Amino acid sequence: AIPVRGSRLPLLSDAMPAPAHLFPLIRNCEISRICSTVCYCHHKHVCCLSSHFAHSHFRYAPQKRFATLYRPKEDFNHFIHARDYASTPQRFYLTPPQVNSILKANEYSFKVPEFDGKNVSSVLGFDSNQLPANAPIEDRRSAATCLQTRGMLLGVFDGHAGCACAQAVSERLFYYIAVSLLPHETLLEIENAVESGRALLPILQWHKHPNDYFSKEASKLYFNSLRTYWQELIDLNSGETTDVKEALINAFKRLDNDISLEAQVGDPNSFLNYLVLRVAFSGATACVAHVDGVDLHIANTGDSRAMLGVQEEDGSWSAVNLSYDHNAQNEQEVERVKREHPKSEEKTLVKQDRLLGLLMPFRAFGDVKFKWSIELQKRVIESGPDQLNENEYTKFIPPNYHTPPYLTAEPEVIYHKLRPQDKFLVLATDGLWETMHRQDVARIVGEYLTGVHHQQPIAVGGYKVTLGQMHGLLTERRARISSVFEDQNAATHLIRHAVGNNEFGAVDHERLSKMLSLPEELARMYRDDMTIIVVQFNSHVIGAYQSEEL
């Protein structure tokens, strides 16, 4: 059976022992003894092809011939036949400084600047971080301040079938949103500047980690598509104030349309031609927040999530969902897909909790294999570069493919008016939500931001614990409190818990060390890429907004 969201192999170092027949060459449940060369494919599967089409092991599950590639979160029986394991008896644990070095490699923090010693924004700042599982990581993140309109944009993007689409969306989507929000006069001013060769008004101020790169080779292509979009907005001017929800929806849909069109038209530059095809044939989900004063809009396409951290009157923390997963676990989403296709396809639309039995998210950018007609796919592939024409994945047509498109990038937009008790927002790809419940996320981040650690009763989860063992757990927890806030970044702190928490809900350094020591070939079997943005709100400013309205 195909694993569904939340399926997770238990760590071999956990209290539950692995069945002996499953890992015949792993002794004493020590994951650190596995050699670094695992999961070799004898056949020319997709994983043996160009790295540009390296696939996320979690999103797709095509036919049986691709089974060894697409089912890594099940047990290792699928892989044992491929190659004998070599086992070298050795024990290696990362030291705390080494663990910190890995966890903090991609962290980024931004504090909103003050004016005259005061912060007039409803956002104090944000922390973000990423922890790869795929190599290279397929997640992306973006954050920017809107300069010609008010507000801040933040987003996480979860790629599948490679990172190309997630990369493109992370570079381009905020520009499309910003342009959608601009008044008619500003659009005219920008267009006139382009026409006359004058310097353009800056639209966004990006807040980027050095690893968050932009594609210089595609910048002209991307700019031309964006310009065509704002020219159309000028022509369609209605004179009405732009609604944020409508702007978000239009921006998502237009960018996805441009990704599709660019791949169909191609480019005389062979590098760019291959790039636009890689972007279109891979895919990405997106969860974006637009914060303007007390107005918070969340636009979500796919299964990343937005969660609001609320501090109750007694100081405890609660979580409020601000997005819904677009997958088979969402009954309304399943019904939407069924309404858009003939009754005759009802039994084949969703199989094994996947769209057409293949794709987990029901909404995504790119993924033209689920949007284009079969004729268009064949034409583009046959006229495309050899790398594309020789790729088994791109030539593969989904089963029961009769009435495309089956997939949309249209986001579901949720509005929330911020209150003083709304302290922070968490945007994260599904790598976090697979490992942690939203209530635990709210508590861990809330305690980190306030510095107040509310001790929870130790839950032993059905394990038989002696009085001496319980005393040891309490002693260990007391010793840990003094160092629990060593992280300078809330997203890093959350990743530490997501990866290192043991069965009692506490960070276990040995577990954390083992998880971070897993070779690339094994890491994806235990967790997904993890990208997190934690936005901290300014309760004083939000309270002032509230007072003005009374």
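Here the residue numbering is sequential within each chain, running from 1 through the sequence in written order. Per-residue local features of the predicted model are confined to residues with pLDDT of at least 70, and side-chain atom pairs are confined, for both listing and counting, to 80 or more; whole-chain, interface and lining totals are unaffected and use all residues. Excluding hydrogens and water, the side-chain values take into account all heavy atoms of the structure.

### A short note on the overall build of the protein
Test applied: Elements are defined by DSSP. Helices are runs of H or I of four residues or more, strands are runs of E of two residues or more, and each kind is numbered from the N terminus. For every residue, the accessible area obtained with a 1.4 Å probe (protein chains only) is divided by the maximum for its type, and the residue is called buried under 20%, exposed over 50%, and partly exposed between those limits. Should any heavy atoms of two residues lie within 4.5 Å, those residues are considered in contact.
The secondary structure content of the protein amounts to 20 helices and 15 strands. The burial tally for the protein puts 55% of its 550 residues in the buried class. The long-range fraction of contacts in the protein, counting pairs at least 24 apart against all pairs at least 6 apart in sequence, stands at 76%.

### Here we look at the pairing of strand E4 (residues 152–160)
Spelled out, the test is: Whether two strands pair depends on DSSP finding at least two bridges between them.
Taken across its nine residues, E4 has nine buried, putting it largely inside the fold. Side chains of E4 alternate between two faces, with Met152, Leu154, Val156, Asp158 and His160 and Leu153, Gly155, Phe157 and Gly159 buried alike. Both strand E3 (residues 139–146) and E4 contribute to a ladder of seven bridges, which runs antiparallel. Its bridge partner lying in E4, alanine 144 is registered against leucine 153. Taken together, E3 and the strand that follows it, E4, pair antiparallel across an intervening segment of five residues, in which glycine 151 is found at a positive phi of about 110 degrees.

### Some words on the pattern of salt bridges
The condition is simple: What makes a salt bridge here is a side-chain nitrogen of Lys or Arg within 4 Å of a carboxyl oxygen of Asp or Glu, nothing more.
For the structure shown, the criterion picks out 20 salt bridges. Arginine 496 is the salt-bridge partner of aspartate 487, the closest N and O atoms lying 2.6 Å from each other. By relative accessible area, which is 2% here, aspartate 487 ends up buried. Salt-bridge contacts for aspartate 528 lead to arginine 524; the nearest nitrogen and oxygen are separated by 3.5 Å. An identical accessibility class is assigned to aspartate 528 and arginine 524; each is buried.

### A few points about the environment of asparagine 211
Along the chain, asparagine 211 falls in the loop between strand E5 (204–206) and helix H6 (219–235). Counting along the chain gives 105 residues from asparagine 211 to asparagine 106, while the straight-line C-alpha distance between them is 7.4 Å. Asparagine 211 has contacts with Ala105 and Asn106, leaving out every residue within four places of it along the chain.

### Some thoughts on helix H3 (residues 96–103)
Inclusion rule: Directions pointing from the helix axis toward each C-beta atom define the arc.
Turning to H3, its buried residues number three or more, namely Val99, Asn100 and Leu103. Down the axis, H3 shows its buried residues gathered within 100 degrees of arc, on one side only. Where H3 is buried, its residues touch strand E2 (123–131), helix H17 (490–500) and helix H18 (509–517).

### Observations regarding helix H15 (residues 438–450)
What sets the pattern is the α-helix's 3.6 residues per turn: residues three or four places apart point alike. Where we set the bar: Under the convention used throughout, the expected extent of a helix is 1.5 Å for every residue step, that is, one less than its residue count.
The first and last C-alpha atoms of H15 sit 18 Å apart over 13 residues, in line with the 18 Å expected at 1.5 Å per residue. Of the positions making up H15, those classed as buried are Val441, Ala442, Ile444, Val445, Gly446, Glu447 and Tyr448. At its buried positions, H15 is contacted by strand E8 (305–311), strand E9 (317–321), strand E14 (422–428), helix H14 (430–433), H17 and strand E15 (530–537). Just downstream of H15 lies glycine 451, where phi reads positive at about 75 degrees.

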